Amino acid sequence: MLNKQRIKTATKLSEKGFDTEKKVLKIDMIAIRDNGLETELSNILDLQDAIRKHLVFSYFTNGRDTEAKEVKPYGTGTIND
């Protein structure tokens, strides 16, 4: 399920011109203050972290990977595969 608060933050950032990952990563405290985004600080920092880790989709969906399970390639088992 999508995190509505994080979507709201992304919308605000986009409206203020921060519409690419590169621009979001350059946001600093002065930019936050100058653009009236103080209430979004925590979500902005979390988004910057997600961008750095290449986990943007997980950021918006609150997704977490569990330990990887072994998956058999298609068609390599029994007839019931």
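Given the structure is predicted, the values throughout are model-derived calculations rather than measurements.

Participant: Mind showing me how you'd approach the overall build of the protein chain here?
Facilitator: Counting secondary structure elements, the protein chain contains five helices and zero strands. Mapped from its N terminus to its C terminus, the protein chain presents α and β elements in the order α-α-α-α-α. Buried positions account for 23% of the 81 residues belonging to the protein chain. Taking as baseline every contact in the protein chain between residues at least 6 positions apart, the subset at least 24 positions apart corresponds to 53%. For the protein chain, the exposed surface amounts to about 6600 Å²; the carbon and sulfur share of it is 55%.

Participant: Whenever I open this one, the pattern of salt bridges confuses me. Can you help?
Facilitator: Side chains that carry opposite charge are capable of pairing whenever their charged atoms lie near each other. Counted according to the given criterion, the structure contains five salt bridges. With its nearest N and O atoms 2.9 Å apart, the salt bridge here joins Lys23 to Asp19. The class for Lys23 is partly exposed, based on a relative accessible area of 38%. Using a relative accessible area of 49% as the deciding quantity, one classes Asp19 as partly exposed. Among the salt bridges present, the one from Asp34 reaches Arg33, with a minimum N-O distance of 3.0 Å. You'll find Asp34 and Arg33 in the same group, each marked exposed.

Participant: Which parts of the structure should I look at to understand the confidence of the model for the protein chain?
Facilitator: Any segment with low pLDDT has predicted coordinates that should not be analysed in fine detail. For the protein chain, the mean per-residue pLDDT works out to 88, and 81% of the residues sit at or above 70. Across the protein chain, the element-wise mean pLDDT spans from 92 in helix 5 (residues 56-61) up to 97 in helix 2 (residues 21-25).

Participant: Please explain the nonpolar core as it appears in this structure.
Facilitator: Nonpolar side chains tend to gather and get buried jointly when the protein is soluble and globular. With 13 residues, the main nonpolar core has Leu13, Phe18, Val24, Ile27, Leu37, Ile44 and Leu47 as its most contacted residues. When residues of this core are traced back to their parent elements, those giving at least two are helix 3 (29-34), helix 4 (41-52) and helix 5. Take this core: its biggest share by element is four residues, from helix 4. Once residues lying within four places of it in the same chain are set aside, the contact partners of Leu37 are Lys12, Leu13, Lys16, Phe18, Ile32 and Ile44.

Participant: What is the right way to read unusual backbone geometry from this model?
Facilitator: The phi angle at His54 is positive, at roughly 60 degrees, despite the residue not being glycine. Assignment of secondary structure puts His54 in the loop between helix 4 and helix 5. Judged by its relative accessible area of 72%, His54 falls in the exposed class. In this model, Asn62 sits at a positive phi of 60 degrees, which is unusual for a non-glycine residue. Relative to the helices and strands, Asn62 resides in the segment after helix 5. For Asn62, a relative accessible area of 41% corresponds to the partly exposed category.

Parameters and conventions
- Residues numbered from 1 in each chain as written.
- Predicted model: local features only at pLDDT ≥ 70, side-chain atom pairs only at ≥ 80, totals over all residues.
- Heavy atoms only, no water.
- Helix = DSSP H or I, 4+ residues; strand = E, 2+ residues; numbered from the N terminus.
- Buried < 20%, exposed > 50% of the residue type's maximum accessible area, 1.4 Å probe, protein only.
- Contact = heavy atoms within 4.5 Å.
- Areas by Shrake-Rupley, 256 points an atom, 1.4 Å probe, with all protein chains shown as cover.
- Salt bridge = Lys/Arg side-chain N within 4 Å of Asp/Glu carboxyl O.
- pLDDT = per-residue confidence, 0-100.
- Core = buried A, V, L, I, M, F, W, Y, C linked by side-chain atoms within 4.5 Å.

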